[in-house]
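Secondary and tertiary structure notes
Chain residues, written in single-letter form:
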Amino acid sequence: MTNKLLEDALNSVGQKSLSVSIPIYNEEANLENMVLECVNVLGDNSDILELILINDFSTDETDTIATRLEENYEVVKYIKNEKNIGCHPSQIIGWEHASKNLLTMLPSDNQIPPENLISMVKEMKDCDLLWTKRVERQDNNFRILVSIFYNMFAKKLFRLQGNDVDSTVMIKKTLFSKISDSIDSKSAFVQVQIGYLTELNKGIQKEIGITHRTREQGKARGINIRDLKWVPRELIKLYLKSQDIKNEKNN
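Residues numbered from 1 in each chain as written. Predicted model: local features only at pLDDT ≥ 70, side-chain atom pairs only at ≥ 80, totals over all residues. Heavy atoms only, no water.

Examining the pattern of salt bridges
- In the structure shown here, the tally under the stated rule is 8 salt bridges.
- Between Glu-50 and Lys-77 there is a salt bridge, and its shortest N-O distance comes to 2.7 Å. With Glu-50 in strand E2 (residues 49–55) and Lys-77 in strand E3 (residues 76–80), this residue pair connects regions lying 27 residues apart in the sequence.
- Judged by relative accessible area, Glu-50 falls into the buried class, the value being 3%.
- According to the relative accessible area criterion, Lys-77 is partly exposed, its value standing at 34%.
- Across the pair Asp-63 and Lys-80 runs a salt bridge whose closest N-O atoms are separated by 3.5 Å. Taken together, the residues span a long stretch of sequence, with Asp-63 in helix H3 (residues 62–72) and Lys-80 in strand E3 at a distance of 17 residues.
- Judged by its relative accessible area of 30%, Asp-63 is partly exposed.
- For Lys-80, a relative accessible area of 54% puts it in the exposed group. (Salt bridge = Lys/Arg side-chain N within 4 Å of Asp/Glu carboxyl O. Helix = DSSP H or I, 4+ residues; strand = E, 2+ residues; numbered from the N terminus. Buried < 20%, exposed > 50% of the residue type's maximum accessible area, 1.4 Å probe, protein only.)

Looking at the nonpolar core
- Counting residues in hydrophobic clusters, the biggest one holds 39 residues, and the most contacted among them are Leu-6, Leu-18, Val-35, Leu-49, Leu-51, Leu-53 and Val-121.
- Every element with two or more residues in this core is listed here: helix H1 (4–12), strand E1 (18–24), helix H2 (31–42), E2, H3, E3, helix H5 (115–121) and strand E7 (205–210).
- The element best represented in this core is H2, accounting for 7 residues.
- In contact with Val-121, not counting residues within four places along its chain, are Leu-6, Ala-9, Leu-10, Val-13, Leu-18, Leu-102 and Met-170.
- In terms of nonpolar packing, the next biggest core, distinct from the first, is built from 32 residues, Ile-79, Ile-93, Ala-98 and Val-231 among them. (Core = buried A, V, L, I, M, F, W, Y, C linked by side-chain atoms within 4.5 Å. Contact = heavy atoms within 4.5 Å.)

Here's the deal with the side chain of Thr-132
- Summarising the element assignment, Thr-132 is placed in strand E5 (residues 129–134).
- Within the structure, Thr-132 has its side chain in polar contact with the backbone oxygen of Thr-168 (distance 2.6 Å). (Polar contact = N/O pair within 3.5 Å; in protein donor to acceptor, adjacent residues only side chain to side chain.)

Describing the sheet that holds E7
- With respect to topology, 7 strands assemble into an open sheet ordered E3-E2-E1-E4-E6-E5-E7, the strand pairing being mixed. One side of each edge strand has no neighbouring strand; the edge strands of this open sheet are E3 and E7. For this sheet, the mean inter-axis angle between neighbouring strands, taken without regard to orientation, is 20°.
- Relative to strand E6 (residues 169–172), strand E4 (residues 102–105) runs antiparallel, the two sharing 3 bridges. Bridge pairing in E6 links Thr-104 to Met-170.
- H2 rests against E1, E2 and E3 of the sheet, and its axis sits at about 170° to E2. (Pairing = 2+ DSSP bridges. Axes fitted to C-alpha atoms, helices over the stretch in contact; angles between N-to-C directions.)

Here's what the structure looks like:
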């Protein structure tokens, strides 16, 4: 399937290709429609695009659907985790298997329309890490409240430039290769680490707004009141580790 939108966006910023990491956990109701929409918007040309599906040890029909999608579309690659590790650690697995110049992530709940990736690519000419902020976020109030708390705490500790840390980002592969050895890929706070490591390596950062829509099918995976207890504790541990990395780099 030919679609010039992505190719034109890449050419406009002097980039050649894009890898999209798509972590999946029990999204049988959304996965196929999400990938089809990506192909409709971005095309099915494996020279400039790859959609990397990472099955995070799902217990539904994700494996069957992902296998079929890999067979039907040249841009689709499929990876299966041997155990459940979480969304952002799975995102990193996708990036570690990526072969393209720009790296990004889309959640498989289909709440971030793939058209946003075209706008994101167009910002990457003089940018190493692009943050996004979900404008008019379409989640329940409690989920948004927990996210506000998390973002405030993370920004205070790490002085992050992004204002919506758990939204999708786009990063140049050259930068990711430079910082990847310092990322604790088992941590739930992968994107916090990406932010402070980019700052430490003097990478150029930007932020843009993106659209967000309601989850049409399936159930969001658990944010609950316990997150308000363990998130600050684990972020402080991560902060102390970040200071060790900073001291190592300065010595």
